[in-house]
Amino acid sequence: MKTSTAVIAGLAAILVIAFAIFFIDIDQTEEGSLPDVDVSIEGGNLPEFDAQTGSVSVTEEEVDVEVPDVEVTTEEKTITVPGVEVTPPAGD
């Protein structure tokens with residue numbers, strides 16, 4: 001159950017990144033330049049950008065789906081699990 005939740009979360013993250021890549025359009029509107037250095041220093045110019053993003057709307061709707069009726073039985077077993085032992089450094 002935990003593995004499927006992690007897989008679903010990973011797929012959701014990939015979808016969000018994919019949407020972010022395709023819904024953003026950035027165009028540089030002005031070139032950048034370094035300051036002129038002579039006897040006096042004139043200020044430089046940072047580039048300007050226009051960013052246009054797409055929009056996403058999330059809606060809800062109710063649908064009827066067939067869900068299997070499953071009975072689960074459990075039993076207790078002894079297994080070996082990893083352990084962690086932390087030893088702090090000797091103090092001053």
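What counts and what doesn't
- Residues numbered from 1 in each chain as written.
- Predicted model: local features only at pLDDT ≥ 70, side-chain atom pairs only at ≥ 80, totals over all residues.
- Heavy atoms only, no water.
- Helix = DSSP H or I, 4+ residues; strand = E, 2+ residues; numbered from the N terminus.
- Buried < 20%, exposed > 50% of the residue type's maximum accessible area, 1.4 Å probe, protein only.
- Contact = heavy atoms within 4.5 Å.
- Areas by Shrake-Rupley, 256 points an atom, 1.4 Å probe, with all protein chains shown as cover.
- Patch = residues over 30% accessible without salt bridge, like charges linked within 9 Å, V, L, I, M, F, W, Y side chains within 5 Å.
- Salt bridge = Lys/Arg side-chain N within 4 Å of Asp/Glu carboxyl O.
- Lys, Arg positive; Asp, Glu negative; His and termini not counted.
- Charge placed at Lys NZ, Arg CZ, Asp CG, Glu CD.
- pLDDT = per-residue confidence, 0-100.

### Details of the overall build of the protein
Argument step 1. What the protein contains, in helices and strands, is one helix and two strands.
Argument step 2. Along the protein, from the amino end to the carboxyl end, the secondary structure elements read α-β-β.
Argument step 3. Within the protein, buried positions represent 0% of all 92 residues.
Argument step 4. Restricting to contacts in the protein with at least 6 residues of sequence separation, those with at least 24 account for 32%.
Argument step 5. About 9900 Å² of surface is accessible on the protein, with carbon and sulfur atoms providing 58% of the total.

### Some remarks on a negative patch on the surface
Argument step 1. Together, Asp 25, Asp 27, Glu 48 and Asp 50 line one region of the surface with negative charge.
Argument step 2. When residues of the negative patch are traced back to their parent elements, those giving at least two are strand 1 (24-30) and strand 2 (48-53).

### So, a nonpolar patch on the surface
Argument step 1. On the surface, a nonpolar cluster with roughly 460 Å² of combined accessible area is contributed by Leu 15, Phe 19, Val 56 and Val 58.
Argument step 2. Examined against the element boundaries, Val 58 turns out to sit in the segment after strand 2.
Argument step 3. What makes Val 58 exposed here is its relative accessible area of 77%.

### Remarks on the environment of Gly 32
Argument step 1. Structurally, Gly 32 can be placed in the loop between strand 1 and strand 2.
Argument step 2. Assessed through its relative accessible area of 43%, Gly 32 is described here as partly exposed.
Argument step 3. Considered as a pair, Gly 32 and Gly 44 are twelve residues apart in the sequence and their alpha carbons are 7.9 Å apart.
Argument step 4. Not counting chain neighbours up to four residues away, the residues in contact with Gly 32 comprise Asn 45, Leu 46 and Pro 47.

### Observations regarding the confidence of the model for the protein
Argument step 1. Here the protein averages 82 in pLDDT, while 87% of its residues score no lower than 70.
Argument step 2. Mean pLDDT values for the elements of the protein range from 80 in strand 1 up to 85 in strand 2.

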